[in-house]
Each structure stands twice: as C-alpha cells, then as structure tokens.
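Coordinate analysis (summary)
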Amino acid sequence: IKAVLSCRPSYGSGDIVDADSALGPLMPFCPYCLRLGLWMREAGVEFETYLIDAKDKPEWFLEGYPAGTTPAILGTPGGVSQTEWAGETSDCIARMKEQSDAIRAWSDKPAADAEKFTVDKVSALFEATGFACVGSLIADTADPAAIMLLGFLGQKFEDDEPHAARKERVVKKFLDGVSEMETLIASLDGKFIGGDEPCVMDVYAITMLYFTNNATELGFCGAPQAPCSLADLGAPSLLPYIRLWMQRESFEYCYQHTNEISAASAINILKMLADKAHDVTNDGEVYAKIMARARERDPVYDGIDHTLEDASPESKTAAVAPDEPTDAIATESLPEADEAPTVEEETAEVDPEVPAEAVGIEAQPAAQEETAEVAADDVASETPPADEDALPAAEADTAQEPEAKADEDAEEESGSEEEEEEEPLVKWPEGKDPYVNGRLYGRQAAPPTPVPGKSIKAVLSCRPSYGSGDIVDADSALGPLMPFCPYCLRLGLWMREAGVEFETYLIDAKDKPEWFLEGYPAGTTPAILGTPGGVSQTEWAGETSDCIARMKEQSDAIRAWSDKPAADAEKFTVDKVSALFEATGFACVGSLIADTADPAAIMLLGFLGQKFEDDEPHAARKERVVKKFLDGVSEMETLIASLDGKFIGGDEPCVMDVYAITMLYFTNNATELGFCGAPQAPCSLADLGAPSLLPYIRLWMQRESFEYCYQHTNEISAASAINILKMLADKAHDVTNDGEVYAKIMARARERDPVYDGIDHASAAA
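Residues numbered from 1 in each chain as written. Predicted model: local features only at pLDDT ≥ 70, side-chain atom pairs only at ≥ 80, totals over all residues. Heavy atoms only, no water.

1. Some remarks on empty space enclosed by the protein
Once rolled over the atoms, a probe with the size of a water molecule shows which space is left empty. Of the pockets and cavities examined, the largest cavity occupies roughly 90 Å³. Around the largest cavity sit Val426, Leu440, Gly442, Arg443, Gln444, Arg463, Leu481, Leu506, Asp508, Asp511, Lys512 and Pro513, which together line it. A class-by-class count of the residues in the lining of the largest cavity yields five nonpolar, two polar and five charged. (1 Å grid on protein atoms, 1.4 Å probe; cavity = no way out; pocket = protein on both sides within 12 Å on 5 of 7 lines; lining within 4 Å. Points joined across faces, edges and corners; volume = space filled by probe spheres on them. Nonpolar A, V, L, I, M, F, W, Y, C, P; charged D, E, K, R; others polar.)

Laid out in structure tokens, this is it:
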C-alpha cells in the first residue's frame, strides 16, 4: 500500500487561490510520489494507492507513521513489514530491488542511448527546469518571504543582484532548460528514452515534465509568452512525449487521469505563495488567474459543491473506510476514515508476492513549513535580510513542508462529521477566560477600533507546546501563546524605542484567528490596524517596508528615531548588521541537519538560505555550514565587543541595534538548546568564543521595549524554536535519530523557559 501526497483543485476556502470555487476531489500531484508509482507499475508490480491530503493528513496515517512523509509504503516490496509503514525514497527503492526480482530487473534496464541519457543528467535537467519555471514568475520580487521560497525552489541569488536582472536570469535558466529538454526528447524520434518501452530515466523525465508543462500552460511562469505551450517556447517534441506516456496504463493508474492539465499540480505551491510577492503579482491577482485557468482546463474539476449535494447519510455509504477498501480513490477522499489500512486486509485483491507499494519523499513544493508544513505540509519563512513572517518567524504557512499555509486558511466542510474534524487546533473551553496568570492560552478576541496615534499590531506567535502529542510536543500540555517572529518583534522595538505606543495582538502561526483573516485576507505579519503604520482606523495593512514608510510619514517621533546614526557610522550600517546577524542565525539552525540526504530537508535548507552544489558530499556540506555559522559568531563578537558594553547607537539603541537583537536572541536560543550543528552544542555563545553577545542581549532585556514586545525578560523562549521544528518534524530523520534530536531540543526549551509551567490549563479551565 503506497501513501501518495495529494491536493485538491480547490479547498473551497474562499482565499485568493480558491476564490469562490467549491471543494474539489483529492488528486495525486507529488512528482516524487508519482515517480515511485510509475517505477513499480512499469516493473509490473501491483500496489494500492492511498491519497494523503497535503493540507489535511488523515489521523490514521499520522498515527501509523508519525514521520508523516510521503511517499510511504506499508507491506512489501518497498516497505519493511505488513504492519509497519516505511518511507525515505532511497531506502524504499533499495528494499524494492532487494524484495522484487521484477523491480530489480526493470531498474537495470538501460537507456537506448546510454551515453546521452543518465539518471543524474535527466533528473537534474528536468527538475531544475521545472523549478526555474515557477520561480521565474516572481523572481523580481522584493518580498523577503518570497525570496526565501525561491531559494527553497533551488534558485540562487546574490544579495546585490538587481531584481530585474534576477528575473531575467531565472527566465533564461528556464528557457535554456526547455531548449535542452527539447534537444534530448526530439532525438528519441517519438519513442521513450528506453526505446519502445520506458526505463528509469523516463520516469524521472515525465514526472517533472508533466509539472512543467502544466505550469507553462497555466501561466505559472515568467517567460514573456506565458501562458503558452512548450511548443510556443521552441519545444514541439515535449507535449507529444507527455502524450506518449499518457497512453500507458501506468500513467492513468498513478495520476488517476489522462488529462494534460491537472489543477492539483499547481495549487500546493500557489497556496504557499498566496500571501507573498504581491509586489510583482498585482496583489496576488496573478495567482488567482493561474488557478482559475487550471480549474477551467482540468476535466476532473466540475465546480459543483458536492459537500452539499452529497450530505445525506445515504450518499455517505457509497464510500468505504480504508480498513475495507473497495475503491482506493473513494476511500482516500473520506475525511472520516480514521483507521489505517493493513496489508492483511488487502490480500484478497493483491498478489501476496507483490502487495505493497513504493516510496519516496515529499515533493518539493509542498513544502516545511513547514517546508513546506515545506516541501512539505508546513512551510513558511523568510530570508535575510527580511522583514516579515520569517523563518524562525516562519509561518507554518509556507514552507512548514511546503504543505503549510493552506491548512490555516481552509474553511470547515459542511456536514456534522466534517465540522467536528475541522475543529480549531487549540481547544479551549468555550466561554472561559482565555488568559491564565496573565498569559494567553485560549483565543484572543478581535480588537476594537484603535484610537488615532495608538495602532494595533498583529505579531506572529507560537506556543511552547500545542499538546498534540507529536514528536515535537511529546506529552507536554498546551502552552501559552508567545511572540517569536524576529521581523514582527523588530517592528515593535522600532516603534517602542521611538516612544510610540501600540497594542499587541498575538497571531498563532498554527491557528490564525478568523477575525484576523477576515479583516486582512493576506494573513501576513506584522500587520497594523490604525496609525501610525497603517492606512486607516478600520483597515489592516502589512508589508514591513510599507509599514515603516507610513510610520515615518505619520509620526515625527518615529522619523526622528529612525534617522539616529550608529555611534560608529563607518563600522555599522543597517545592511551589514542585518545581513550578518540573519545569515548567522539561519546557518545556526541549518547546520544541525546540513548532512542529511533527505530531499525535503535539503529543500528546507535552501529555504533557510543555504546554497549547496549537487555533487557536494554530505559531510563536506555540514562542515561548510557549521563553519559559516562559527565564522558569523566570530564576526558578531568582533562587532559587539567593540561597543564596550553599550549599544550600536551608544548609550541608547538605534535602528541597527533592533536588527541585531532580534536575530541574536533567536541565535542564542538555538545554540543553547542544541538547535545547531556545532560540535559543542548545546552550549553558550561564550563557549564558541563570543563572550560579549549574551551581555548585549541582557543589556536589551533591561529595556522596557524588550519586555513589552517579547512579553518576558527570559534568556530562553521555547516559542523561538518550535515553529521551525514543527516544519522539520518529519524531515532529516537520517541525521536526527529518527527525529529524537528535535524532541530533545524542545524538551530542553520547555524545561528552561520560565513561561511554560507544564500544567494542562485547558482541562483545569473546563
């Protein structure tokens, strides 16, 4: 039995991507899952497919396989037993070859022209071209979160590269890739790379080429001609190659259709992008148009609200729960199916020699933080230098596995059973005070209309534990909501140090309140209601750079404080401080898993600004990222030590200090908790040769602005680590002892964070 990452043409959420379209059917989309399926099917091996919704993974899957990655296999060939799920693509392939003569024989089938076609060449070319295609759409953005996502998609940028030049280069990379793919495929004369029948190289080619063709046709592409066909770009042989594949039984079985356009192939990345790069997408209208085209051209999507049409009990009986599968597609789409299928229950339909399925790893966009919640389900973040919703401020939107953000935006489906399953993540007794000992445990009510001069600021926040029982929360009880996003905190310190008052509203990165999303559909943070910083007393506004510009325009105090120079203006500039402290912070957490072989984790590392060469050995990669972190610590120490116990601004902070403290606080937490690849970790920054950094943090902690914005004066805050760890939870298990390292980091964090008391206040309130 094979678990395949899937999405819907629409989730019926009403957001910018779904618009007013009704809920659509669950369809496979992950190129990596599909690749493994085609591999098995072409080898003549049968398997049952179970569709795993990237935005709403079923409980039976997460209970049976807590890692939650896809593809995953239950049974053999590909798995480890008939009762235990197993993942990791490379391991699944190795097991399949070991367990099945048919797969071993097919895997060894060479290309018809073995000199021209190799797995490495085909895989690298078709994947790089596909990701350059979608990346080129927004490559000229100035939005730090979008830039980070572009890194997640394998695009490498220089900090000083002009935006227009960046876009031109990525578009050229895509078009050059299309030209090279055309040269290779045209040489086949209407056949497969393997000749009359496909070989492994064909499987690598079709899964990414199908994705690229969809993106180009739908306009998810920066080429001037888009939306257009690949033939319009000078590649007339590529669509016929796709159609050649579509004639094969394996394609229809794995993709569950034979259509040239599938809306599911685009929506996962678009959900991650929904609140990003609005500066180059007409406030996101471009995304809406892409998905409107996709749904219009996808024969699978009929636009009917079947949740209403099929709400009767009679209609429910047509679908069978996974423990009694008669139709794999129907059973997978049932949210109420809560028991994992077992291979034993399938033996009546499946040859005992080849019952199970194939493997893989979660596809890139999808995608942790998430990254996905990154490649994955839970993904979101931002990159240096950045200002909003970043990683560690990473909203589990974006990347929390590439799979993240849409979870928070999806509306509840109608019908009583669905409504029960769509409960808020945080369960707090209705009607009870959401505050316990001054800390917010429940949900914060919507804010009132602000008075002029005292705006309301939305700040991305997390909890030391969500009480979920997953590998990160373990058995810890629900904790209070605490601010953690360096970019949100940066804006708050900026305002407070300038003497400007504001009200703080905490926005849970994993469970954004309805009033916030209704009032500000973009959903990004920081966001401001009122002035200074916003546009009016009734309309939310975001985009950090715009908020800062408005604050300066609307407030003499902020304008004057913003212009305050560093005590040593030659040594300290905003660009230098921002770039150094952010790059060091991201290298710190990235260095923990830099030697992983997990593609989803590697993608998340790119999302964190780490640039890798394809042929770089894993150990060398880790050594290099650790060195980057340690070099950054050394450089930060040199700068801060030169202050002689003062701020960059002298006796009082300046703007450069605000950039420094927000990332340094995050980095100090990560180092102390062991969220770091340095051999000494968990350790202090002083242990790494930087004794001046913690005193600088403590100097900040004495200021009213710090306590007001961070809502504590503690050196350790568990909220500062959990968002990225939630994105990583199912990734890089090859170098984290199956995720045990993550559990230990959060156990240390909760133990050292005075804010977290470990008491189940939800039960007490009830």
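2. A short note on the pairing of strand 1 (residues 2-7)
For strand 1, a buried count of six out of six residues is recorded, marking the element as mostly surrounded by other parts of the structure. The two faces of strand 1 match: Lys2, Val4 and Ser6 on one face and Ala3, Leu5 and Cys7 on the other face are all buried. Taken together, the five bridges between strand 1 and strand 3 (residues 49-53) define a ladder with parallel strand orientation. When the bridges of strand 3 are listed, Leu5 appears paired with Ile52. Note: strand 1 against strand 2 (residues 27-28), two bridges, orientation antiparallel. Its bridge partner lying in strand 2, Cys7 is registered against Met27. (Buried < 20%, exposed > 50% of the residue type's maximum accessible area, 1.4 Å probe, protein only. Helix = DSSP H or I, 4+ residues; strand = E, 2+ residues; numbered from the N terminus. Pairing = 2+ DSSP bridges.)

3. Describing the pattern of salt bridges
If charged atoms from side chains of opposite charge come close, those side chains can pair. Counted by the stated rule, this structure contains 34 salt bridges. The partner of Glu127 in a salt bridge is Arg35, and the shortest N-O contact between them spans 3.0 Å. Of this pair, Glu127 sits in helix 5 (residues 119-136) while Arg35 sits in helix 1 (residues 31-42), and the two are 92 residues apart along the sequence. An identical accessibility class is assigned to Glu127 and Arg35; each is buried. Look at the salt bridges and you will find they share partners, linking Asp15, Asp18 and Lys271 into a network. (Salt bridge = Lys/Arg side-chain N within 4 Å of Asp/Glu carboxyl O.)

4. A look at the confidence of the model for the protein
For the protein, the mean per-residue pLDDT works out to 82, and 83% of the residues sit at or above 70. This stretch, residues 310-422, has a pLDDT under 50; its non-local contacts, to residues over four places away or in other chains, come to 506 contacts. (pLDDT = per-residue confidence, 0-100. Contact = heavy atoms within 4.5 Å.)

5. Quick word on unusual backbone geometry
In this chain, Thr70 is followed by Pro71 through a cis amide linkage whose omega measures -5°. Between Ala681 and Pro682 the backbone carries a cis peptide bond, its omega angle lying at 0°. By the element assignment, Pro682 lies in the loop between helix 26 (655-673) and helix 27 (693-701).

6. Digging into the pairing of strand 3
Here strand 3 lies mainly inside the structure; five of its five residues are buried. Here strand 3 shows no split at all, with Thr49, Leu51 and Asp53 on one side and Tyr50 and Ile52 on the other all buried.

7. Some details on the packing of aromatic side chains
Applying the stated criterion across every chain yields a total of 28 aromatic pairs. Their ring planes at 75° and their centres at 5.5 Å tell us that Phe192 and Trp245 sit as a pair that is edge-to-face. One end of the pair, Phe192, is in the loop between helix 7 (163-186) and helix 8 (200-218); the other, Trp245, is in helix 9 (residues 238-246), with 53 residues separating them in the sequence. Trp245 sits in the buried class, given a relative accessible area of 0%. Taken together, a centroid distance of 6.0 Å and an interplanar angle of 25° make the contact between Trp428 and Tyr441 stacked. Of the two residues, Trp428 sits in the loop between helix 18 (416-421) and strand 6 (435-436) while Tyr441 sits in the loop between strand 7 (439-440) and strand 8 (455-462), which places them 13 residues apart along the sequence. Overall, the relative accessible area of 14% leaves Trp428 in the buried class. For Tyr441, a relative accessible area of 2% translates into the label buried. Taken together, the ring pairs connect Tyr50, Trp60, Phe61, Tyr65 and Trp85 into an aromatic cluster. One Lys or Arg, Arg41, reaches over the ring of Phe47 and ends 6.0 Å from the middle of that ring. (Phe/Tyr/Trp six-rings, centres within 6.5 Å; stacked < 30°, edge-to-face > 60°. Lys NZ or Arg CZ within 6 Å of the ring centre and 35° of its normal.)

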